[in-house]
Amino acid sequence: MKKAVMLFAEGFEEVEALMTADILMRGGVDLKLVSITEAIQVTGSHGIAVSMDRTLAQISMEEQDAIILPGGMPGTKNLGASDRVTKALKQMNEAGKIVAAICAAPSVLGACGILEGKKATCYPGFEDQLTGAEFVDEMAVIDGNVVTSRGLGTSMEFGFALLQQLVSKEKAEEIRQQIVFKYNTVSK
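All values reported here derive from a predicted model rather than from experimental measurement.

Engineer: Help me get a handle on the side chain of Ser155, residues and values and all.
Structural biologist: With respect to the helices and strands, the residue Ser155 is situated in helix α5 (residues 155–166). Of note is the side chain of Ser155, whose polar atom sits 2.8 Å from the backbone oxygen of Leu152. Leave out the neighbours within four places in its chain, and Ser155 touches Val15, Glu16, Met19, Thr20 and Ile102.

Right under this line is the structure:
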């Protein structure tokens, strides 16, 4: 079973975090929700509090297969301001493990030098903060060990891209069918 951590800072975007977590857990990934501080409960940008499984100080990055950052404000700024977070991201990237971020959070990867020479995407208006990356206007972008996505509306695709990388394309498709997620489903 693959192991992953999702890092939570005060002001995270709730749907981006929880939709992605749900898809990964349905797909059999051992995902831990991790507070970047000592707080065991973290409140999102819309006032929803979520209980964490662990704190970052309690996690061994060597045991993880992926590290995931939800976006949101001021969550993204709080993630980027944490030395523990940037150290964990760099450690995972240097080990060739999956490093993923959605919405504004790919800017944190850019600031860490992780996007150098990679294709990546982000929330509109943050393109100039993808330092070293080639911006791609797609719902989710996989380039090597890096997975990025645009925002709340692309959370499912972000989850499926991560599940594809961690488990398999077949498992991602199985979960897509299980939750009845299809493209172009709006009718008049």
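Engineer: Could you give an account of the environment of Ala104, with specific residues and numbers?
Structural biologist: As for its placement among the helices and strands, Ala104 is situated in the loop between β7 (98–102) and α4 (106–111). Residue Ala104 is classed as buried on the basis of its relative accessible area of 3%. With 69 residues separating them in the primary sequence, Ala104 and Glu173 have C-alpha atoms 27 Å apart. Once residues within four sequence positions are removed from consideration, Ala104 is found in contact with Gly71, Met73, Thr76, Tyr123 and Phe126.

Engineer: How would you explain the environment of Leu24 if you had to name every residue and give the values?
Structural biologist: As for its placement among the helices and strands, Leu24 is situated in helix α1 (residues 14–26). Through-space distance from the C-alpha of Leu24 to that of Leu166 is 8.8 Å; in sequence the pair is 142 residues apart. With residues up to four places along the chain from it excluded, the contact list for Leu24 reads Val29, Leu31, Ile68, Gly159, Leu162, Leu163 and Leu166.

Engineer: Run through the sheet that holds strand β10 (residues 140–143), naming residues and quoting values.
Structural biologist: Read from one edge of the open sheet, seven strands run β5-β2-β1-β6-β7-β11-β10, paired in mixed fashion. Because the sheet does not close on itself, it has two edges, and the strands there are β5 (54–55) and β10. The pairing of strand β2 (residues 30–35) with β5 spans two bridges and is classified as parallel. Each residue of the ladder has a partner; that of Val34, found in β5, is Arg54. Each of β1 (3–8), β6 (66–69), β7, β10 and β11 (146–149) touches α5; the most contacted strand, β7, lies at about 175 degrees to it.

About the thresholds
Residues numbered from 1 in each chain as written. Predicted model: local features only at pLDDT ≥ 70, side-chain atom pairs only at ≥ 80, totals over all residues. Heavy atoms only, no water. Helix = DSSP H or I, 4+ residues; strand = E, 2+ residues; numbered from the N terminus. Polar contact = N/O pair within 3.5 Å; in protein donor to acceptor, adjacent residues only side chain to side chain. Contact = heavy atoms within 4.5 Å. Buried < 20%, exposed > 50% of the residue type's maximum accessible area, 1.4 Å probe, protein only. Pairing = 2+ DSSP bridges. Axes fitted to C-alpha atoms, helices over the stretch in contact; angles between N-to-C directions.

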